[in-house]
Amino acid sequence: MNIWRVVRSGKAHLEGSDFVLAARSISAAMGRGDVSALVVTRDETGLMQFVSSDYASLAQQVASVVGAECEECDFVDVPADMPVSGRMVARRGGVGQSSSQVGVSVDVAVGALASQMPVGSMIVVRFRKPTGGEARHVKRWVAARLGSAVPQHHSTSAGAVVASVDVGAQDRHDAAQLVELVRSVMPGFDVDVRARVDSPVAPIVAGVAGGVVLACAAWLWSWWLLVPLFVWGVVCAWMAWRARVNVGWSTAKLVREVSAAPPKRCVPPSRPRRDEGKESAGGYPLARGSFMVGQHTIVPLVAPQAEGLSGASRSRSRPVPAACQDASIGPLIGVGSRGESAHVDAQGLWQGFFAVGEAGSGKTFALLAQFAFAVLDKLTRQKARRGGVSVGRHFTGVHHPIIVFESKGDGVAAYRNWCDTLGRQVGVSGVVDVIDVGDASSLALDMVGSGSAVDRARRFTDAMKHGFADDAIRERSEETLRAVMCAAFVLQDMQEDGWRGADRVGASTAGVADLGRLSFMQWAHILLGGRGDDAGQLVAGFVRDAAAREGAWPDLVDAGSGLAPLYDSVTPSARRNLCEAPRNKVDALLGAGSWWDPGRRRVTFDMVLYHERTVVINCGASGMPTTVVSALSAMALFLLRACVERRCVGWKDQDRYVSVMCDELKLLQGSSPQVIEWLRNQGRAFGVRLFFATQYPEQLEAGVRQAALGFGTLVVLRQENPQIAGALAELLSLRGQSWYAEDVANLPRFTAVVKTSVRGETLPPFTVRLSDFESDRGAFASRQGWAL
Ligand SMILES: Nc1ncnc2c1ncn2[C@@H]1O[C@H](COP(=O)(O)OP(=O)(O)OP(=O)(O)O)[C@@H](O)[C@H]1O
Ligand SMILES: [Mg+2]
């Protein structure tokens, strides 16, 4: 016997006579003697409805009649622990009020059930096909009741089934009420019924009373009656024990009961009679606990539309697919609802890992776990390669630069702590390089690179163009920026060289040397009029004079000629117009302070990739505006992409990878989605693996959003906003499973719906409680399966 959960889907459900007709075919799949059951339970979070059967087609048919879908689950998913059990039985005579069976509204019938069913209760409706005798007896009984030889009644219609109704509840009163409730919500059900609630005491009392009576008889009459008295006592004890274990519900009992057929009569019922002017329909035609009903009478019980009326909804938990429980595929991310472990496929991570969830939902922790896993994998491989221990587990290999973009100071500490802990455990030191904008003593990133001043200026201006919001740097500003940057690089070079030869004289004569030790960004600032037009003219004049001198080197000549459109016969006000927009950007970048200091130790992305380093780049510093943080981050990603394209050709085929991580994706997106789209779409061949997080997808520019939501592994954490939750639920439902906005909105903290694929095959999304690896970093390696 299997069990399926009935879940709401977007489909409209049938109504009225269509519903009655569709319901008739439900038991078509069942053979004679087969039993199926409908199970409805209610806990604090709302209704849950199930179909149990040997046939998947029956469950699907039931679900489709009520406009729903069904998903296979397990009996342990049914909350079935209740202290009291009972059932519906027909009263003597068995005739109740007749009511119409057509024009049935599923919503109205089951709305009542949803709103009145007590918390912690359950209804189990078992059904089977009737025997020939049962069908005949019921027809005769109904015909006599309705006074028609050809009665129009659901119990005599094609496909009618024999059903029994069992209930479970927290107390006897609730159990009796529940029977009455079921009777009232079954459309067209007209048998007069009552509740029979199991009692653990009644059989004992009956047994003891019988024993006493027999004992008295034996005492009065003959001693040999003691023998049957003893037998009677044993029977009573056995009955009492059975009654006690049968009272209430448990999962084991549910499994047993759903496959037990509704009872049959032992003797035929009495026939209808008509004597002395008094008419009688005859005895109730079935066993007291069985009812002949049209299928449309019982099916509304599992209409999940009623969930909405129950006033409570909850996030469904879906089991982790077997493929993701396999520890050999990659990192452990958490545990499923039944305690099963959930892993993601390390080989499939080139398709990207994207976590989305409201503030504090656990995105950063989820990403940190991925980082720690990648670092551990890399370090253990490095150690093994150097002739140390054999590690057994390996995924992405030893050639694996990992680049993390961070925007908060404490974030850097977390990455560093992981590297320290894992480095110590594996026995490798100097694991991570921290590049921190706000820390003058740390490494800095070389955002300029080498080559001629014109090349450097072009590259840097392109990066700036990407770093600032869409269209912020237009064509004219771009030209000005390029020219100014070219001159600024030359000035920085000359200053670093100590203003050699004739330039030294020129620089001190013009007063340029007195301006102090400046970075190219500060020179650009001056040339764009940041210290007034006079200072700009003075510096530009110096460059142009030097460029005009015989023997001037090519970069200087380029710088001089580049400044001509800005400083040659241009009025100060015209120059101000030209310089204003680019100067705003340069001013903003100057906010990064010592980041531009020419004396700072720098690394290029080429070096990071070549030496396969793990680096954390923190583009944020306290008090720095977000525009600057995001401009620097996006510029860095732009430069990284160019470097990957240059340096990492064919890496995937050589089993080499570059992991790029950022838990605030919006900071990286820059002015256009192209960089992230490229990394997502073309990056694969270059071994690029992306790990991103964001609070909600609407923070992202459309193209970036699309790229990120299409990542191979999507970790959806809680979202309060209905539209956002709805859009994410729709995305999760793409492969046929149904997810609703409330599933996403009601996710418990640190619990995620995970959509992922294993060995290229996309799996149905499942729910996972993300593990907290931060609280015990030392145990990470063993939890991830390494024996260090
Ligand atoms: N899996 C987890 N198990 C237990 N606690 C967790 C888990 N993940 C996160 N936390 C707790 O929740 C806090 C917030 O988590 P985290 O920083 O990952 O959230 P976030 O989604 O990144 O938030 P923000 O959007 O503000 O960056 C953590 O400081 C930690 O205390
Ligand atoms: Mg975070």
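Fair warning: this is a prediction, and the values are worked out from it, not measured in the lab. (Residues numbered from 1 in each chain as written. Chains lettered and ligands numbered in written order. Predicted model: local features only at pLDDT ≥ 70, side-chain atom pairs only at ≥ 80, totals over all residues. Heavy atoms only, no water.)

**Comments concerning empty space enclosed by the protein**
Scanning all chains against the criterion turns up 5 cavities of 30 Å³ or more. Roughly 70 Å³ of volume is contained in the largest cavity. Considering every element that reaches the lining of the largest cavity, the biggest residue donor is helix H4 (residues 132-146), with 4 residues. Among the residues forming the lining of the largest cavity, the class breakdown is 8 nonpolar, 3 polar and 2 charged. (1 Å grid on protein atoms, 1.4 Å probe; cavity = no way out; pocket = protein on both sides within 12 Å on 5 of 7 lines; lining within 4 Å. Points joined across faces, edges and corners; volume = space filled by probe spheres on them. Helix = DSSP H or I, 4+ residues; strand = E, 2+ residues; numbered from the N terminus. Nonpolar A, V, L, I, M, F, W, Y, C, P; charged D, E, K, R; others polar.)

**Topic: the pattern of salt bridges**
One pass over the full model with this rule turns up 26 salt bridges. Notably, a salt bridge pairs glutamate 612 with arginine 656, separated by 3.0 Å at the nearest N-O pair. You can see glutamate 612 sitting in the loop between helix H20 (605-610) and strand S19 (614-618) and its partner arginine 656 sitting in the loop between helix H21 (626-647) and strand S20 (658-662), a full 44 residues away along the chain. Taken together, the shared-partner salt bridges connect Arg87, Arg126, Asp166 and Asp198 into one network. (Salt bridge = Lys/Arg side-chain N within 4 Å of Asp/Glu carboxyl O.)

**Some points on the domain arrangement of the protein**
Entries for the protein in the domain assignment read domain 1 (2-197 + 249-310), domain 2 (199-246), domain 3 (345-386 + 393-443 + 601-778) and domain 4 (453-596). With 20 residues of domain 3 at the contact, the number on the domain 4 side is 17 residues. Of the roughly 1500 Å² buried between domain 3 and domain 4 on both sides combined, carbon and sulfur atoms contribute 70%. Linking domain 3 to domain 4 there are 0 salt bridges. For the pair domain 3 and domain 4, the number of links is 1 residue pair in polar contact (both at pLDDT 80 or more). Sorting the residues of the side of domain 3 that touches domain 4 by element identifies strand S16 (432-436) and H21 as the ones contributing at least two each. With 8 residues, the single largest contributor to the side of domain 3 that touches domain 4 is H21. Within the side of domain 3 that touches domain 4, the residues separate by chemical class into 13 nonpolar, 5 polar and 2 charged. (Domains from an automatic or database assignment. Contact = heavy atoms within 4.5 Å. Buried area = accessible area lost by both parts, 1.4 Å probe. Polar contact = N/O pair within 3.5 Å; in protein donor to acceptor, adjacent residues only side chain to side chain.)

**Side note on the packing of helix H16 (residues 520-527) against helix H17 (residues 533-548)**
Helix-helix packing: each pair is described by the crossing angle between the helix axes and the interaxial distance. Two numbers describe how H16 lies on H17: the axes approach to 7 Å, and their chain directions differ by 115°. Taken together, the axes of H16 and H17 are roughly perpendicular relative to one another. Residues Trp523, Ile526 and Leu527 of H16 form the contact with H17, whose participating residues are Ala535, Gly536, Val539 and Ala540. Of the residues that constitute the contact of H16 with H17, the class distribution is 6 nonpolar, 1 polar and no charged. (Axes fitted to C-alpha atoms, helices over the stretch in contact; angles between N-to-C directions. Parallel < 35°, antiparallel > 145°, perpendicular 65-115°, else oblique.)

**With respect to H21**
In this model, H21 (22 residues) spans 31 Å end to end at C-alpha, consistent with the 32 Å of a helix rising 1.5 Å per residue. Across the 22 residues of H21, 16 count as buried, placing the element largely inside the fold. (Expected span 1.5 Å × (residues − 1). Buried < 20%, exposed > 50% of the residue type's maximum accessible area, 1.4 Å probe, protein only.)

**Things to note about the side chain of aspartate 663**
Its location among the elements puts aspartate 663 in the loop between S20 and helix H22 (665-668). A polar side-chain atom of aspartate 663 sits 2.5 Å from a polar atom in the side chain of threonine 364. If we ignore the near neighbours within four places in the chain, the residues touching aspartate 663 are Thr364, Leu367, Phe405, Glu406, Ala693 and Thr694.

**Description of the packing of aromatic side chains**
For any pair of aromatic rings, the description consists of the separation of the ring centres together with the inter-plane angle of the planes. In the structure shown here, the tally under the stated rule is 20 aromatic pairs. Taken together through their ring pairs, the aromatic side chains of Trp141, Phe189, Tyr284 and Phe291 make up a single cluster. Positioned above the aromatic ring of phenylalanine 468, the side-chain terminus of lysine 585 is 5.9 Å from the ring centre. Between arginine 777 and the ring centre of tryptophan 418, over which it is positioned, the NZ or CZ distance is 5.5 Å. (Phe/Tyr/Trp six-rings, centres within 6.5 Å; stacked < 30°, edge-to-face > 60°. Lys NZ or Arg CZ within 6 Å of the ring centre and 35° of its normal.)

**Here's the deal with the site of ligand 1**
Neighbouring ligand 1 are 16 residues; Gly360, Lys363, Thr364, Gln695 and Leu770 lie closest to it. One of the backbone nitrogen or oxygen atoms of glycine 360 is found 2.7 Å away from an oxygen atom of ligand 1. Contacts to ligand 1 include serine 771, whose backbone N or O atom sits 3.4 Å from a nitrogen atom. When residues of the shell around ligand 1 are traced back to their parent elements, those giving at least two are helix H11 (363-385) and strand S26 (766-770). (Near = heavy atom within 4 Å.)

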